[in-house]
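Structural overview for review
The residues making up each chain are set out below.
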Amino acid sequence: MRYRQLTTATLALGVLLLIDVLRVWLPGIITIFGQAASTPAELMGAFALGWFVLAMGAPALVRRVGARPVTVVAAVALAVARLALTAAPGGRTQLWLATAGLLAGLVWLVGVAADTDRPVPGLALGFAVNAALHAVLDTVDMVWRGDWVAWLLSAVAVAVFLVGTAQPGQHGGAGDARPGPADAPVGSADAPVGPGGGRAWLLAGPALLLAGMVALSPALARTGMSYLVAGDGVARSPLFGLAPVPVAVAGFLCAALTRPPSGWGRAYGPVALLGGAVLFALDRGDLLLPAILLAAVGLGACLALTDDASQPASGTASAGTASAGTASAGTASAGTASADTAGGGSASRRGYAVAAGMLVFALGAVGYYSAYDLGYPNAAVPVVVAVLIAAVAFTTRPVVHWLPGPFPPLRAAAAVTALALLAPVLADEVPVASNRDGPPQRLTVVAYNVRMGFGLDGRFDLTGLAQVVDRQRPDVVLLSEVDRAWLLNGGHDTLDLLSDRLGMPYVFGPAADPVWGDAVLSRWPVRDPRTLPLAAVGAPTGAQALAVTLDLGDGVRTAVVSTHLQPPPGKGPVVQARAVAEFATGYAAGRPLVVAGDLNTEPGDEAFAEFTKVGLVDALAAARPLATSPADDPRQQIDHIFVSPGLTPGDPVAPRSTASDHLSVAVTVTLPPR
């Protein structure tokens, strides 16, 4: 394998491992280091940003020690941390392993930047392959699987990465000649390192943020497809929900690896990226798919514009190099570079560029997601990041004699797209509800705040959640704190994953944004879904009430309402409780009714009384006191099930588990005689 191919492949694989670490580290900030809604968001943000600020010192370390030793040591640390995380240890051990892996990954990027003037092919392939694998794995990374297959694949990935990193040609000192002729043109497969690449490295962090949030997010793609099924602001289990992923991957790679157009045609990438970011920022489920596709193509095209290892438009050589066979004034002949320019100066600039870009990643992620704790508008964050990428890309000097990258663009795009095409076949399951055995005499109802799928130990524990629910043999499940694509939580579609494990299709109602909210899963067909946005009353994450009608067969219908009330600071959720109670009884229109969820109020509180005022009955009354939070030491009774007087509740339970920070509550209700 030629030098540039080896460099590109190793960079792509390292990016893959770093993203894996980030998918563990980011959720650990709120599930292990802190507790959302109790630990100050400012403290969690400071913890997150501190490591990226610390990495800003890595370029100075590279300049003093040299790129090769720093890169090799950091690569080993990243590899060890990534492999150790496959054990999913949970708790503080998991947090500090992920933190070590993150810091090692940042230092590794700085070291690689010192010796790599053309990072776009490697970065683009790393982003795209990660998205394709994430889709094939049904948005659950190998880190969280822990079986022998996960260990084997993780070990192979780590071994190949370390072998590639250890190759002598990977990490020569700045300005060292690479294998191949000294007069090889800049950007060719065998060329020495030149002084370019700074702009591309600067965009590594911002591009990673938008790729994970929008452009290359399989969970967001499936969520977007689910909104096309139902309409009316709710989402349902989609057929081939991951089908947009191969399209996004193909568009991204074709745009990133091929020559950008000239003249004003260069603007198509920045315009597409800005369009996708704006559509995403509008927080509408029906706009998610066009946002993804526009952002994917636009992001790839913007990266291509910064692929500045090719010859500049002026036809002269870059500083510190010479055009083939011609000496530049005041510099060395072709194939060599001064130690100051192509060496320490260019290497340091690239190092600081990638460190600054990753700091932008951290600032964007913290700025966007902390808004759900602090309550300020966050829609501008992805747009601002897109503007930064577009500005850097569009102002890059165009090239005349563009040179192909290390891998044929169409072949590389086709190979990764083929991998992504496996996702709709292997990872998409659509549970089907049926009322052929109805109508039943009883319904078992489970309400559960699933905390984005993370247990008290900080592990992504879908198996534990599914076991807690399935043990009750439920007919209908009402879920709170459902996350379907937040990069902060690892980019999983928690709802679809639980739906597959329980064999129950879902209806989803958005609260904070189109991918965060509440859901109803049912073994019976669901009709007439409606959602009611609730007044924020000072609560940042937003709240809603999702109403559906269960079709139990032979004309028997039961109304179900799922909600998660968000109390204003220092008060109870009285306003929201009143709105939900009125909405639910109006929706039921005299039919049997179940209202349940994390209501953040206790028996005897004013908000609790809002439900009993409209005639609803506390279905858990026979088991009171029935504390449900926190799960490891329950003291608060804040998760509830209410039923209309025609339903007779029985067997109320709150089974113990630490698969979430809440306990689930369950009850079996007997339907009124027909």
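No experiment lies behind these values; they were computed from the predicted model shown. (Residues numbered from 1 in each chain as written. Predicted model: local features only at pLDDT ≥ 70, side-chain atom pairs only at ≥ 80, totals over all residues. Heavy atoms only, no water.)

**Looking at the pattern of salt bridges**
What the rule picks out here adds up to 19 salt bridges. Between aspartate 496 and arginine 222 there is a salt bridge, with its nearest N and O atoms 3.3 Å apart. Residue aspartate 496 is found in helix 19 (residues 494–502), and its partner arginine 222 is found in helix 10 (residues 218–230); the two are separated by 274 residues along the sequence. With relative accessibility at 3%, the residue aspartate 496 sits in the buried group. The residue aspartate 551 makes a salt bridge to arginine 557 at a minimum N-O spacing of 2.8 Å. Judged by its relative accessible area of 30%, arginine 557 falls in the partly exposed class. It is possible to trace a salt-bridge network through shared partners that takes in Asp138, Arg222, Asp428, Arg484, Asp493 and Asp496. (Salt bridge = Lys/Arg side-chain N within 4 Å of Asp/Glu carboxyl O. Helix = DSSP H or I, 4+ residues; strand = E, 2+ residues; numbered from the N terminus. Buried < 20%, exposed > 50% of the residue type's maximum accessible area, 1.4 Å probe, protein only.)

**Let's talk about the packing of helix 18 (residues 462–470) against helix 19**
It is the contact of helix 18 with helix 19, at a shortest axis distance of 10 Å, that shows an interaxial angle of 50°. With respect to each other, helix 18 and helix 19 are oriented oblique. Of the two possible hands of crossing, helix 18 and helix 19 adopt the one that is right-handed. Mapping the contact onto sequence places Leu462, Leu465, Ala466, Val469 and Asp470 in helix 18 and Thr494, Leu497, Leu498, Arg501 and Leu502 in helix 19. Counted by class, the contact of helix 18 with helix 19 contains 7 nonpolar, 1 polar and 2 charged residues. (Axes fitted to C-alpha atoms, helices over the stretch in contact; angles between N-to-C directions. Parallel < 35°, antiparallel > 145°, perpendicular 65-115°, else oblique. Left-handed = near helix turned anticlockwise from the far one by under 90°. Contact = heavy atoms within 4.5 Å. Nonpolar A, V, L, I, M, F, W, Y, C, P; charged D, E, K, R; others polar.)

**Notes on empty space enclosed by the protein**
Applying the stated criterion across every chain, the model contains 10 cavities of 30 Å³ or more. The calculated volume of the second largest cavity comes to roughly 130 Å³. Together, Ile19, Leu22, Arg23, Phe127, Asn130, Ala131, Leu208, Ala211, Gly212, Leu216, Phe361 and Leu487 line the second largest cavity. Sorting the residues of the lining of the second largest cavity by element identifies helix 1 (3–33), helix 6 (120–136) and helix 9 (204–215) as the ones contributing at least two each. (1 Å grid on protein atoms, 1.4 Å probe; cavity = no way out; pocket = protein on both sides within 12 Å on 5 of 7 lines; lining within 4 Å. Points joined across faces, edges and corners; volume = space filled by probe spheres on them.)

**Details of the sheet that holds strand 3 (residues 476–483)**
Reading across from one edge, 1-4-5-3-2-13-12 is the order of the 7 strands in this open sheet, with mixed pairing throughout. The open sheet has two free edges, formed respectively by strand 1 (235–236) and strand 12 (648–653), since each of these has just one partner strand. (Pairing = 2+ DSSP bridges.)

**So, helix 3 (residues 58–65)**
Those residues of helix 3 not exposed but buried are Ala58, Pro59 and Val62. All buried residues of helix 3 lie within an arc of 105° about the axis, which places them on one face of the element. Residues of helix 3 that are exposed and point more than 90 degrees away from the buried face comprise Arg63 and Arg64. Note on helix 3: the residue one or two positions beyond its end, glycine 66, has a positive phi of about 110°. (Arc of directions from axis to C-beta.)

**Things to note about the layout of surface pockets**
Taken as a whole, the second largest pocket holds about 490 Å³ of empty space. Looking at side-chain class alone, the lining of the second largest pocket contains 15 nonpolar, 9 polar and 5 charged residues.

**Re the packing of aromatic side chains**
The geometry of an aromatic ring pair is captured by the separation of the ring centres together with the interplanar angle, meaning the angle of the planes. All told, the structure shown has 21 aromatic pairs when counted by the stated rule. Plain terms: the ring middles of phenylalanine 47 and tryptophan 51 are 6.0 Å apart, the flat faces sit at 80° to each other, and that makes the pair edge-to-face. One end of the pair, phenylalanine 47, and the other, tryptophan 51, are both in helix 2 (residues 41–54), 4 residues apart, so they sit about a helical turn from each other. With a centroid separation of 5.3 Å and 55° between ring planes, the pair formed by tyrosine 369 and tryptophan 486 is classed as tilted. Note that tyrosine 369 is positioned in helix 14 (residues 339–369) and tryptophan 486 in the loop between strand 3 and helix 19, a separation of 117 residues in sequence. Both residues of the pair, tyrosine 369 and tryptophan 486, belong to the buried class. An aromatic cluster is defined as three or more aromatic residues linked by ring pairs; in this entry it consists of Trp25, Phe33, Phe47, Trp51, Phe52, Trp96 and Phe361. Above the ring of tyrosine 587, the side-chain terminus of arginine 591 is found at 5.5 Å from the ring centroid. (Phe/Tyr/Trp six-rings, centres within 6.5 Å; stacked < 30°, edge-to-face > 60°. Lys NZ or Arg CZ within 6 Å of the ring centre and 35° of its normal.)

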